[in-house]
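Structure assessment
One-letter residues, chain by chain:
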Amino acid sequence: DPQNSCVIDTIITVRLATVPDFEGTMATADTVCSDEVFSLLGEVNTNTWTGFPTAVDTVAFLSEDEMFVSSLDFDVFPEDQLIVFQDDFDRVCINIEHEDFGHLIFELQCPNGSSIVLHDISPGGAHLGEPVVLLFNETPGDIPGIGYEYCFSTLPEFSLMSETSFQFHNYTDQAGDLYFNQPFLPEGAYTPVESLQNFIGCPLNGEWTVT
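These numbers come from a predicted model, not from an experiment. Think of each chain on its own: its residues are numbered from 1, step by step along the sequence as written. In keeping with the predicted nature of the model, local features appear solely for residues at pLDDT of at least 70, side-chain atom pairs appear and are counted solely at 80 or more, and the whole-chain, interface and lining totals rest on all residues. The basis for every side-chain value is the complete set of non-hydrogen atoms in the structure, without hydrogens or water.

Bringing a negative patch on the surface into the picture now. Among the surface-exposed residues, Glu-64, Asp-65, Glu-66 and Glu-99 lie close enough to one another that they form a single negatively charged patch. By relative accessible area, which is 70% here, Asp-65 ends up exposed. Only residues above 30% relative accessible area that lack a salt bridge enter a patch, with like-charged residues linked at up to 9 Å and the nonpolar side chains Val, Leu, Ile, Met, Phe, Trp and Tyr linked at up to 5 Å. Per-residue and other accessible areas follow the Shrake-Rupley method at a 1.4 Å probe size, with only the shown protein chains counted as cover for residues. Salt bridge, as applied in this entry: a Lys or Arg side-chain nitrogen positioned within 4 Å of an Asp or Glu carboxyl oxygen. Charge assignment in this entry is limited to Lys and Arg as positive and Asp and Glu as negative, and neither His nor the chain termini are counted. Charge placement uses NZ in Lys and CZ in Arg. For Asp and Glu, CG and CD serve respectively. The buried label goes to any residue with under 20% of its type's maximum accessible area, the exposed label to any with over 50%, and the partly exposed label to all in between, with areas taken from a 1.4 Å probe on protein chains only.

Printed below as a string of structure tokens:
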């Protein structure tokens, strides 16, 4: 904290690998006597570590009055370990397309029930991703758009979604319609409406839910 000339050390667990599998390792001789020389031909097979869920592969098409809920359940941290600093978070990301970001609310809930608003309803006016817009296609729910990845982080590239300047691009949607000079919010990390610091004291293990 440079404003208060305060420095603190923290311990971070870094997972490098799992225990390898040595199946296939063999000796150059089936039987040897004392003082005889032989070799072991080592075979090391790495095992991919799958104990830490990092994403939910879910596709959902929502109408205006529907709510999407998705959870990750963690059980890999030491028992009773809690969030200590907001920097314990890397980022929370959502891959989404929508005609107007101002119509949406994103919320994150930790295992003890505490929750924060990542993005709230706002004046909006720009796309998320590359949606199929009703003006060009009368049944946009039947044709998904192309989602962009929007994240919320303690080290954001952008301010709040509602305070970020629009960018403009041309694109052809999944229905084959061409759009010119369309406003959109770029992919990247945004500032959450409510601070991730509000999760200090939340358990790491348990169900984390995005709504």
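There's more to say after this.
As a further point, take the sheet that holds strand S7 (residues 127-128). When DSSP finds two or more bridges between a pair of strands, those strands are recorded as paired. Think of it this way: any DSSP run of H or I at least four residues long counts as a helix, any run of E at least two long counts as a strand, and we number them from the N terminus. Strand order across the open sheet formed by three strands is S7-S10-S9, with mixed pairing between neighbours. In the strand order of this sheet, the two ends are held by S7 and strand S9 (167-172), each with one partner. Of the strand pairs in this sheet, S7 and strand S10 (residues 178-185) are connected by two bridges, and their pairing is parallel. Within S10, the position partnered with His-127 by the bridge is Phe-184.

Side chains Val-92, Ile-94 and Ile-96 project from strand S4 (residues 91-96) onto a buried face, and the interleaved Arg-91, Cys-93 and Asn-95 project onto a face without burial. Where S4 meets strand S8 (residues 148-153), six bridges bridge the pair, whose relative direction is antiparallel. From the neighbouring strand, Arg-91 faces S8, where its bridge partner is Ser-153.

Attention shifts here to the sheet that holds strand S6 (residues 115-119). Here four strands make up an open sheet; going across it, the order is S3-S12-S5-S6 and the pairing antiparallel. At either margin of the open sheet sits one strand with a lone partner, and together these are strand S3 (70-74) and S6. Ignoring strand direction, the axes of neighbouring strands in this sheet form an average angle of 20°. In the sheet, strand S5 (residues 106-109) pairs with strand S12 (residues 206-210) via two bridges, with the strands oriented antiparallel. Within S12, the position partnered with Gln-109 by the bridge is Thr-209. Axis lines are fitted through C-alpha atoms, for helices just across the contact stretch, and the angle between N-to-C directions can take any value from 0 to 180 degrees.

Here we take up the environment of Pro-2. Note on placement: Pro-2 falls in the segment before strand S1 (26-27). Taking C-alpha positions, Pro-2 is 22 Å from Glu-194, a pair spaced 192 residues apart along the chain.

Take unusual backbone geometry next. The backbone phi angle of Asp-80 is positive, close to 70°, even though this residue is not glycine. Summarising the element assignment, Asp-80 is placed in the loop between S3 and S4. Even without a glycine there, the phi angle at Asn-181 is positive, about 50°. Within the fold, Asn-181 resides in strand S10. Assessed through its relative accessible area of 53%, Asn-181 is described here as exposed.

On to the packing of aromatic side chains. Each pair of aromatic rings taken from Phe, Tyr and Trp, with Trp reduced to its six-membered ring, is defined by centres within 6.5 Å and is described as stacked if the planes are under 30 degrees apart, edge-to-face if over 60, and tilted in the remaining cases. With the rule as written, the count across this model stands at ten aromatic pairs. Judged by centre distance (5.8 Å) and plane angle (35°), the rings of Phe-89 and Phe-199 are tilted. Note that Phe-89 is positioned in the loop between S3 and S4 and Phe-199 in the loop between strand S11 (188-190) and S12, a separation of 110 residues in sequence. Take Phe-89 and Phe-199: they sit in the same class, and that class is buried. Ring geometry for Tyr-148 against Phe-184: centres 6.2 Å apart, planes inclined by 80°, an arrangement best described as edge-to-face. Within this pair, whereas Tyr-148 is found in strand S8, its partner Phe-184 is found in strand S10, the two being separated by 36 residues in sequence.

In terms of nonpolar packing, the biggest core is built from 29 residues, with Phe-106, Leu-108, Leu-128, Tyr-150, Met-161, Phe-199 and Trp-208 touching the most fellow members. For this core, the secondary-structure elements that each account for two or more residues are S3, S4, S5, S6, S8, S10 and S12. Residues grouped as a nonpolar core are buried Ala, Val, Leu, Ile, Met, Phe, Trp, Tyr and Cys residues, joined through side-chain atoms within 4.5 Å.

This next bit is on the state of the cysteines. Throughout, disulfides are identified as pairs of cysteine sulfur atoms within 2.5 Å of each other. Here the structure, examined in full by the defined rule, presents two disulfides. Paired by a disulfide, Cys-110 and Cys-202 hold their sulfur atoms 2.1 Å apart. Across the disulfide from Cys-110 to Cys-202, rotation about the S-S bond amounts to roughly -70°, and the bridge is consequently left-handed. Placement of the pair is Cys-110 in the loop between S5 and S6 and Cys-202 in the loop between S11 and S12, with a sequence separation of 92 residues. You can call Cys-110 buried: its relative accessible area is 1%. The exposure class of Cys-202 is buried, given its relative accessible area of 1%. If the cysteines joined by disulfides in the protein are listed in sequence order, their pairing comes out as 1-3, 2-4.

Keep in mind these numbers describe shape, not what the thing actually does.
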